[in-house]
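Here's the letter readout for the chains.
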Amino acid sequence: MLKLEDTYLHKGKRKALVKLLREKGIKSERVLDAIYQLPRHFFFDSALISHAYEDKAFPIGEGQTISQPYTVAFQTELLDVHEGHRVLEIGTGSGYQGTILRILGAEVFTIEYQKKLYEGTQRFLKRLGVDLHLFHGDGSQGLPNYAPYDRILVTAGAPVVPNELIRQLKLGGILVIPVGDRESQKMLKLTKKSNTQVIKEEFDNFAFVPLLGKDGWR
Ligand code: SAM
């Protein structure tokens, strides 16, 4: 079993990573501080631990990945999370992004499609003492039983913006979702102004693993 040990060496590497993210344009000190606080190497397979502070995505099993730190920082900054927000994350994966949202003070609901990944991450987060609400299922339909949410974050590439996700947002709520084809997706920020008006802002292109399920890729 992996020893959860955070050394000066790891902290130094995190400091360098935060510096890099700042140079790449991440401005939110709250987001940068959360990334500094959370040991990313805890979320890695022991064989890959020496790579944990590279600005790259890495495999976490079941053909899935832990997102690149820049992508986590970019999405989290767009999401503009405040203390006490109810946040739904679609694509729990390793639990790293969800834990960043928890450090920012959100109540986090997170849903994962791959059963084995869901089970493994649930066990791991319990051991780490991180209290996220974890679910197994198709997040392309949101999590209606716990809606509405202040924020919804999709961490897999979607072919369309699922209507259900807009429906499950509070008024004034924000959805951050990468949308495009299987190879490349544009990062979108959608702000629900009223039940009939949604403001859409477009950002850079990213490359995510595909969102599966009813409103995802078949
Ligand atoms: N946020 C994760 C982390 O911090 O490690 C990384 C997410 S990984 C890039 C995308 C995840 O979305 C994968 O774990 C994948 O299984 C999951 N996924 C894909 N389609 C999904 C769906 N319809 N509902 C829930 N999760 C889904």
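Residues numbered from 1 in each chain as written. Predicted model: local features only at pLDDT ≥ 70, side-chain atom pairs only at ≥ 80, totals over all residues. Heavy atoms only, no water.

Caption draft 1: Summary view of helix α4 (residues 96-103). Most of α4 sits out of view: six of its eight residues are buried. All of the buried residues along α4 are Tyr96, Gln97, Gly98, Thr99, Ile100 and Leu101. Remark: Gly105 follows α4 within two positions and exhibits a positive phi of approximately 95 degrees. (Buried < 20%, exposed > 50% of the residue type's maximum accessible area, 1.4 Å probe, protein only. Helix = DSSP H or I, 4+ residues; strand = E, 2+ residues; numbered from the N terminus.)

Caption draft 2: Structural context of the environment of His10. Within the element layout of this structure, His10 appears in helix α1 (residues 8-23). His10 sits in the buried class, given a relative accessible area of 16%. A sequence separation of 42 residues divides His10 from Ala52, and the C-alpha atoms of the two residues are 9.1 Å apart. If we ignore the near neighbours within four places in the chain, the residues touching His10 are Glu5, His41 and Tyr53. One polar contact links His10 to Thr7, side chain to side chain, over a distance of 2.9 Å. A distance of 3.4 Å separates the side chain of His10 from the side chain of His41, its partner in a polar contact. (Contact = heavy atoms within 4.5 Å. Polar contact = N/O pair within 3.5 Å; in protein donor to acceptor, adjacent residues only side chain to side chain.)

Caption draft 3: Seen up close, the packing of aromatic side chains. One pass over the full model with this rule turns up 11 aromatic pairs. With centroids separated by 5.8 Å and ring planes inclined at 50 degrees, the aromatic side chains of Tyr70 and Phe74 adopt a geometry described as tilted. One end of the pair, Tyr70, and the other, Phe74, are both in helix α3 (residues 69-79), four residues apart, so they sit about a helical turn from each other. Pairwise contacts between aromatic rings join Tyr70, Phe74, Phe203, Phe206 and Phe208 into one cluster. (Phe/Tyr/Trp six-rings, centres within 6.5 Å; stacked < 30°, edge-to-face > 60°.)

Caption draft 4: Fine view of the site of the ligand. Of all residues adjacent to the ligand, which total 28 residues, the nearest are Ser94, Glu112, Asp138, Gly139 and Leu212. A distance of 2.9 Å separates a nitrogen atom of the ligand from a polar atom in the side chain of Glu89. One of the side-chain N or O atoms of Thr155 is found 3.3 Å from a nitrogen atom in the ligand. For the ligand, whose unbound accessible area comes to 600 Å², protein coverage reaches 99%. Counting only elements with at least two residues in the shell around the ligand, the list comes to β2 (64-66), β3 (86-90), α4 and β4 (107-112). With three residues, β2 is the largest single contributor of residues to the shell around the ligand. Class assignment of the residues belonging to the shell around the ligand gives a composition of 11 nonpolar, 14 polar and three charged. (Near = heavy atom within 4 Å. Areas by Shrake-Rupley, 256 points an atom, 1.4 Å probe, with all protein chains shown as cover. Nonpolar A, V, L, I, M, F, W, Y, C, P; charged D, E, K, R; others polar.)

Caption draft 5: Examining unusual backbone geometry more closely. Residue Ala147 is joined to Pro148 through a cis peptide bond whose omega torsion reads 5 degrees. By the element assignment, Pro148 lies in the loop between β5 (133-136) and β6 (149-154). The backbone phi angle of Glu62 is positive, close to 55 degrees, even though this residue is not glycine. Looking at where Glu62 falls in the secondary structure, it is placed in the loop between β1 (58-61) and β2. The phi angle at Asp80 is positive, at roughly 50 degrees, despite the residue not being glycine. The residue Asp80 is located in the loop between α3 and β3 in this model. Residue class for Asp80 comes out partly exposed when judged on its relative accessible area of 37%.

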